[in-house]
Amino acid sequence: MMPQIALPILIPLLAGAVSLVFWRSRGMQRFVAVAGTAGLLITAIWLLATVNREGILVMHMGNWQAPFGISLVADLLGAIMVVLTGIIGFAVALYSLAATGRGHEKFGYFPLMHLLLAGVAGAFLTGDIFNLYVWFEVMLVASFALLILGSEKAQMEGAIKYVTLNLVSSVIFLVAVGLLYGMVGTLNMADIARRIATLEDTGMVDVLAMMFMVAFGIKAAAFPLFFWLPASYHTPPVAVSALFAGLLTKVGVYALYRVFTLIFNQSPGYTHEILLWGAGLTMLSGVLGAAAQYEFRRILSFHIVSQIGYMILGLALFTPLAIIGGVFYIMHHIIVKTNLFLVSGIVRRLRGTYQLKQLGGLYRSHPWLAVLFLIPALSLAGMPPLSGFFAKFIVIRAGVEAEAWGVTFIALLVGLLTLYSMVKIWNEVFWKAPPEEGDIDPYPAVGHREMWLMTAPVVGLALCTLFIGLNAEPIYALAEASANQLLDPSRYIEAVLGESEEVMP
Amino acid sequence: MIKPGTLILTVAARLLMPLQLLFSVFLLLRGHDEPGGGFIAGLVAAGAFALYLFAFGRRAMHAILKVSPRDLVGMGLLLGVLSTLPAWWVGDPFFTAQWWTIPIIDFKASTPLIFDIGVYLVVLGSVLTAISALIKTDQEDQSDSEEATWNP
Amino acid sequence: MIGAAWNLLLGFAWVVLTGDFSGRNLLAGLVFGYVVLALIQSQVPALAGHAQRLPRLIMFIGFFLKELVLANLKVAFDIITPPWYMKPGVIAMPLKASNEFEIAFVANLISLTPGTLTLDVSDDRRVLYIHAMFLDDEDELRRSLAELERRALELFH
Amino acid sequence: MEPLMAVSIGILFATAIYMMLRRSIVKLVIGLMLLSNAANLLIFVTAGLTRGAPPLVPPGMSAPEGAVADPLPQALVLTAIVIAFGVLSFAVVLVRRAWEIVRADDLDKMKDTDT
Amino acid sequence: MQLAVLMGFLLAAVAPLLHHWFGGQTARVMAAYPALIAVWLLGLAPEILAGETLLLEWAWVPGLDISLTFFIDGLAWLFAMLITVIGALVLVYAGEYLRGHRDLARFLVIITAFMMSMLGLVLADNLVTLFVFWELTSITSYLLIGFNHTDPEARKSALQGLFVTAGGGLALLAGFAMLGVAGDSWSLVELNAQGEALREHALYAPLLVCVLLGAFTKSAQFPFHFWLPNAMAAPTPVSAYLHSATMVKAGIYLLARLHPSLGGTELWVITLSLVGALTMATGAFLAIQHTNIKKLLAYSTIMALGTLTMLLGIGTEGALTAFVVFLLAHSLYKGALFMVAGILDHETGTKDVTAMGGLRPLMPRTAVVAVVAGLSLAGLPPLLGFLGKELMFKAVLEADAWRWLILLLAFTAAFLTLAVAAVVVLRPFAGKRRETPNAPHDPHRDMLLGPALLAGLSLVFGLAPGLLEGLVSATASGIGTAEVAAHLTLWYGVNLPLMLSLVSLVLGILVFRHWDRVRAALARLEPLMARGPEAGYEAMMRGLVTVAEGQTRVLQSGYIRNYLVMTLLVLLGLVGHALFFRHSPSFSFSVDAYFHEVVTAGLMVAGAVTACVMRSRLAAVAAVGIMGFSIALTFVLFSAPDLAITQLLVETLTVILLVLVLFRLPRFATLSTTTERLRDLVVAGLMGTMVTLLMLSVLGGERLPRISDYMVENSQPLGHGHNIVNVILVDFRALDTLGEMFVLALAAIGVYAMMRFHAEKYDAKPTPPPERYDD
Amino acid sequence: MSTVILLSLALMCLALCLAFVRLFKGPSLPDRVVALELFSSILVGTIGLVAIATDVPSLLDVAIVMALMAFMAAIGFARFLERGGPRDD
Amino acid sequence: MIELLKGTLILVGAVFMFLAALGLVRMPDLLTRMHATTKAATLGATLIMLAVALHFGEVAVVARAFGVILFIMITAPVAAHVIGRAGYFVGARLWSGTVKDELRPNYDPLTHELKSGLETQENAKRHPRETDSD
Ligand code: NA
Ligand code: NA
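So, how was this worked out
Residues numbered from 1 in each chain as written. Chains lettered and ligands numbered in written order. Predicted model: local features only at pLDDT ≥ 70, side-chain atom pairs only at ≥ 80, totals over all residues. Heavy atoms only, no water. Donors = N, O, S within 2.8 Å, 3.2 Å for Na, K, Ca; no water. Buried < 20%, exposed > 50% of the residue type's maximum accessible area, 1.4 Å probe, protein only. Pairing = 2+ DSSP bridges. Helix = DSSP H or I, 4+ residues; strand = E, 2+ residues; numbered from the N terminus. Contact = heavy atoms within 4.5 Å. Axes fitted to C-alpha atoms, helices over the stretch in contact; angles between N-to-C directions. Phe/Tyr/Trp six-rings, centres within 6.5 Å; stacked < 30°, edge-to-face > 60°. Lys NZ or Arg CZ within 6 Å of the ring centre and 35° of its normal.

Each donor-metal-donor angle would ideally measure 109.5 degrees in four-coordinate tetrahedral geometry, or 90 or 180 degrees in six-coordinate octahedral geometry. Residue and element names in this part refer to chain C. Donor atoms from the polypeptide that bind the sodium ion (ligand 2) are Asp78 (O), Asp78 (OD), Thr81 (O), Thr81 (OG1) and Pro83 (O), placed at 2.0 to 2.6 Å. The sequence pattern formed by the donor residues of the sodium ion (ligand 2) is D-x2-T-x1-P. The buried category is assigned to threonine 81, whose relative accessible area is 16%. The partly exposed category is assigned to proline 83, whose relative accessible area is 43%.

As structure tokens, then:
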């Protein structure tokens, strides 16, 4: 028994339950917030190390052999994603200690955060398609609740769109699962993959592939299904935004990777071609959205969309290098995007607004913050030698190798426009003189402890970005190994179901 | 001020609530063998308390519940998660059912049952949390504009 | 004493519900009944109910069933036939029943009897307001309602 | 019966979507309710319908005699119903709070956060 | 060497710390570092000048064939020397120029990082590594240009420079990717070894275009030249460094570096020579229009860059020799002149040459330096600039394609440059003394050290060009495909180039004499200039914002209906397409149903439809209740008691909840028009049809055996339960159930928080200000 | 299934339809609530019939829950009315 | 014999159910409709449950069938009372053929006080209840 497969789910669940039991005790909640996310991170790293050493790990929950029970499966992609979840969770937990109001704490901020992480980790580790739906819902409802915490007008308006469109996505997913079960009579993804290969009518498989594509496309905020994201991500407290920005859409991307490598790999000429179009338009439309914005978090939100395009592009090209690029991109993006949101939070804490027009002068007053912004910002724009460069480079190289000129061109162009947005922020927030010189610090000084708590995770994430950039080889090797697993689904299937064929009733 | 329930309703609630609660426990315990189980039982119990709430008001419901519905939720979740752990102790994968027979009353206890009880508590706690929050807010709003909304 | 009666009742309900009439199950039922009662103890004032009145109960059930069926037929006839024979109205019926439980019991019995429907109890609990379908002979109706109440109250005294 | 149910479920979906496209937030929520009900029913029906044989093992036996209804979709639907209940409860209250805070029932008046 | 570069970055990072320790001496201390590297490079000189090359291997990301391997040949060595030597001088100069400036430490950070990036760029053997340093120079130069960041012009210029160069950088990345793919190698050494194959490759043309885009933008070639003069917003040492030795020459370096692998084709020759010549002429032409000394110099830089490009395009042995000499000459005199310009600016407080005059007596030493450097710029003997120009004319006359056009452009550039040189040197120092904002005098020796040294070298190499022969040969051999043996002398005899020089001298003097009139005449061309490439750039940026706003307005409209419709249409489109074109729908429609079953289904539908048409909210709720109860009955009819119970309990509780909630909500209003309703009906109807078709397809299609058979068999024996559904819920699939209870709990927390917590009313802490979306 | 049961089921279904008609027509909210309440009562009977027809006693559990819990909806509606919720019927 | 009894119970039960529904549709006002539904439906359900008890004949099932009867008998009148009362007080219009209304004059819509018409000075006040406001 290898507990590390399930612990990244159980620890945040337990942490969530414990902090709910102790909802009256602020101290306990804060302690559990740090301890729980740290536990998640540690077990996740443990898991990744094990998977890296021993290959795909499987735990049959309840000791029911696959495909009868629910199996947790950790392949490299899953394990990587869980580690990222741990990193983001831990960073945001630390940040939240300083940035979260007492009201938010009292009304369930920390339990919600734990459970969001649990949902995300569960989605990454489950090997069962319906169980994936369940974790999606856990994650979703946790995000609903986090989104409205505080009940402000913008939050409400954003939440209505967020909730509605995500529920539509859930329903499409659910319907697809129902139809799939009707066809193949199983829910275990490895088993589904094996059985689908035996179907004579591949047409219906493509039909189902389309349903999954739309369902996960909404979650991933792909074009033209991303509306919920820019409508809502800038409304909640910033730590929440950061958590969402880092993890939620990536779960959708992960799901796309999972099903379109494992299950729907029969007719890539059809399915992945559509993904390719989606990827290109997603990149473009997201980045254009950002170009029109003048609010810190809105710009960042639209960029999530455009970056999702790159990740999907990796999947859509469906070559080994492209998948490597996609995985690399996901790793890079999660860290960088979260970090940018956290920086935006510090900026707002210092200046009281997210509006670029009303900001300025931070380069002079907080040079360290400028550096901390510049690292993730340039990384996001794909500037070398930061993490984003390698991510973009691999994807583009894959695009060139696959001779997909159109999307490669878009990918390059979008890189430039991303740089434009980041520089816009830099210009307006850091370089520009503050709008009113005399009124530079309208908000009381930030306490030392508070600032330290907010800065520490930002520094940590920036170091991650730098590390991935300067020492890309291990990360690349990891992405490569993960891509190899993804492109050879038989390894996954074998790990889950064993080699015997007789299991199929 | 509107009275929470009429005489007939309050009496009926007093009679029905224990009956429904009992029935919910019954559904919970035999759910493994016949229709029922934690969810269904929890929903019935929630219905019972909702009836009591409608008949006697929020404070009376809290008085009879003794703990905060949020505590129920927390306890239920904790129970649910903890019930997966004994398997670890034995070396099985999480969630592997463990069965014990309690000697004197010859009762078969098991982790699935504990799990089901967790579900029961969560369902009960969640529904009551929601309903009582709604009603409490209504009450406050009502006291803001006493009587103003009543126009038969 | 009353608590014990309730306990017994709940235990019995348990047995009925489970359909398992073994002694052990009754014991379990009594335990659960006890738990439930303990939960609601503070909310339940004195209740009148005596199990030894069983024969009366059976008689009453017979009476009630007869009323139920006959009156139902009367209403049914009016429903099926096109013209309305009914003369509905709301009447106030003075109550003999004194405690809440009795009042509620009587009120519900009246509601269950076709042709009459309890609307409400006055705030001082002395009058029951009843909607009746057939007020052609109001006195007769009042008499039969009083009879129903009398028989019902017998169960408690 | 399944084809007939398929048509019915199709109509349920249509009504749900029609409701969701209204401008009133309350209708939106009702639409969501219809939608999730329709989806649950779809899972149930797609797995195949069986009359008079619930997936219960008779007392004293180790397996049911004869074929019983597929229990797995039932379990899935049960889970889905409860999840939908939770989610929709949230949505319902959200709508109410949104109305209280934004003071508009009209979804067209809730577009400030986007543009 | 790699370590040296990396340490350099580290040095940059700790500059603030050093500044803390050394104060005003920091720049000098830090200048020692590039000087040291220069010394080390000098140690390599014997081997390099002998034509040997050095390959210093260093792994980085082997998985991607990315290495930090450095390759040093003549070309790299020359550039590295220029970078480090001029770099050290600029540091010393800057330390004085920016003395007491509050951002001196930051400046040192950025310029050191920039220097190291340049160094890495010219030494890198790997395409990707080269690109990494390439982009680093873009970023650092962006930060340098925007150094005076509170000035909107500086910010704008910085952005322009970055946008143009980074845009080109992306093209370059694509080009490199294609190059790597085409050559199946990422090492420049290996790529250069297989030039033939590359030039034949199908990707040659696109990759060349991409690479050229990168190089041209970086090197401010026409029509991307406009960013460079704007970059003069930078503090003077920066400009000096950027535009003499370094960043702008990165593109030139790259072209030279790739010459063996990509050069020599018709496409290459024509593009480079024409673009180069055009750039030359444009630069020179624009230069004489300006009175700002930095702009004058900047445009003349553009002219020089054009020259270099053109020479690479011509690509003959003579052209390559000319290339190296011109490159060196330009680096020396332009570095010196920019620093002189900085001194003038510093001392007089103005950058306008027309506002200066008669400074020679006041700043004699500066004047000498200026004159020497100016003469080199003018291409007059006995300075290196003269040699460069002569060789250039010679090379142009060897050009294969478009010879006379190129010659005309080159000639024009030459005499205009001469005029510029005269303007830059003579206007400030000669003539009548003019009053300037500050009282000028010779600057601190640190500031004179750099220009003096560079001007001196111009003179030394001009007088003794033989000193350079080894270097030029080595370098030109590295660029060309064959060995080049350069013989340099100041006097090649009376030949056509010399004639051309003479004529240009005369014309140049004429232009200088009538400079004011020339400017006035050219000013009339202003409207034409307004349509230049810069205007195109501006229009593009405006267009970007317009398109972006338009797209956002259309897509992110804020109307949830539009979002829903769009989402559903995508679903309909994709699924519908797959359903009809990938799958041939075949389904049997046999209805075997009892009356009561049909009625149940009908009631279910009727309930739903009623909920839609009801004008009363509570009636709609009741209708939903009917639908729910009918569904429960369906579950009963088809053997799902657990489901039926759950459904009806949930339905009941939902009704209660709805009623509690609706209490506060307004009544339904009719808000949509008939058209809208019709549209929605169509969408809804299509969706319903699609769902039905999907279900029928699955129901009538191939169906594999179920895993649930196992559960039915083993629920009692292994799960110890008779209710199989419940055994699935709490045992087989307990993980689902665990998730589900958390969903419920989360929903409850959410509801609770929504009802009870309003941050605005609640907030206990006065700080931080309430989180809110501010508009 | 025997004719009696089929006939009865048909009757019950007609009854369900009639209840639905009242719900549809209203005219007032209490009328609709009464219809809903009746609907659930008829369902109890229908479930009993189905239990007999299919010989599955466990369906009775559904009937019990229905008998015990379905009236809660009516209570909810009544509470709404009594507290003076805005009526739009 | 049992079959016959069962069949009769079922059929009669179904007929009563149907009548209840018919009454619901046909009756002219809220209160008279409620007359039709509450009783007939209760009776119908009772009869059918008796048939169920007969049909299965096992103790467990019989007990459950009686459970249903019991619960319906408890809940149906309560529901009827609650709806009827709410409907009446909220202003449901009575049928034109209604002959008398003794409640209306005793009800004060502003204070929601419902008098009995038999008040003396000291008992005119509302009885205190052990419920809180809600
Ligand atoms: Na169950
Ligand atoms: Na009649």
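There is more to say, and it comes next.
Now for the sheet that holds strand S1 (residues 89-94) of chain C. Ordered by their spatial adjacency, four strands build an open sheet running S2(C)-S3(C)-S1(C)-S1(G), and the pairing between neighbours is mixed. A strand with exactly one partner marks an edge of an open sheet, and here the two such strands are strand S2 (116-121) of chain C together with strand S1 (100-101) of chain G. Here S2(C) runs beside strand S3 (residues 127-132) of chain C; their pairing, made up of five bridges, is antiparallel. Bridge pairing in S3(C) links C:Thr118 to C:Ile130. Running at roughly 150° to S2(C), helix H4 (residues 100-112) of chain C makes contact with S1, S2 and S3 of chain C of the sheet. Across the sheet, helix H3 (residues 59-90) of chain G lies against S1 and S2 of chain C together with S1 of chain G, angled at about 70° from S2(C), the strand it touches most.

This part is about the packing of aromatic side chains. The full count for this structure, using the stated rule, is 62 aromatic pairs over all chains. For the ring pair A:Phe389 and A:Phe390, a centre distance of 5.1 Å and an interplane angle of 70° mean the geometry is edge-to-face. Site record: aromatic cluster; members linked through ring pairs are A:Phe130, A:Tyr133, A:Phe136, A:Phe173, A:Phe212, A:Phe216, A:Phe260 and A:Phe264. Lying across the ring of C:Phe63, C:Arg151 places its NZ or CZ 4.3 Å from the centre.

This part takes up the coordination of the sodium ion (ligand 1). Every protein donor of the sodium ion (ligand 1) is accounted for by B:Gly36 (O), E:Asp642 (OD) and E:Asn726 (OD1), and the metal-donor separations fall at 1.9 to 2.9 Å. Of the two residues, E:Asp642 is situated in helix H29 (residues 641-662) and E:Asn726 in helix H32 (residues 724-732); the sequence distance between them amounts to 84 residues. As far as burial versus exposure is concerned, E:Asp642 and E:Asn726 are alike and both buried.

Limitation: the analysis is restricted to geometry and does not speak to function.
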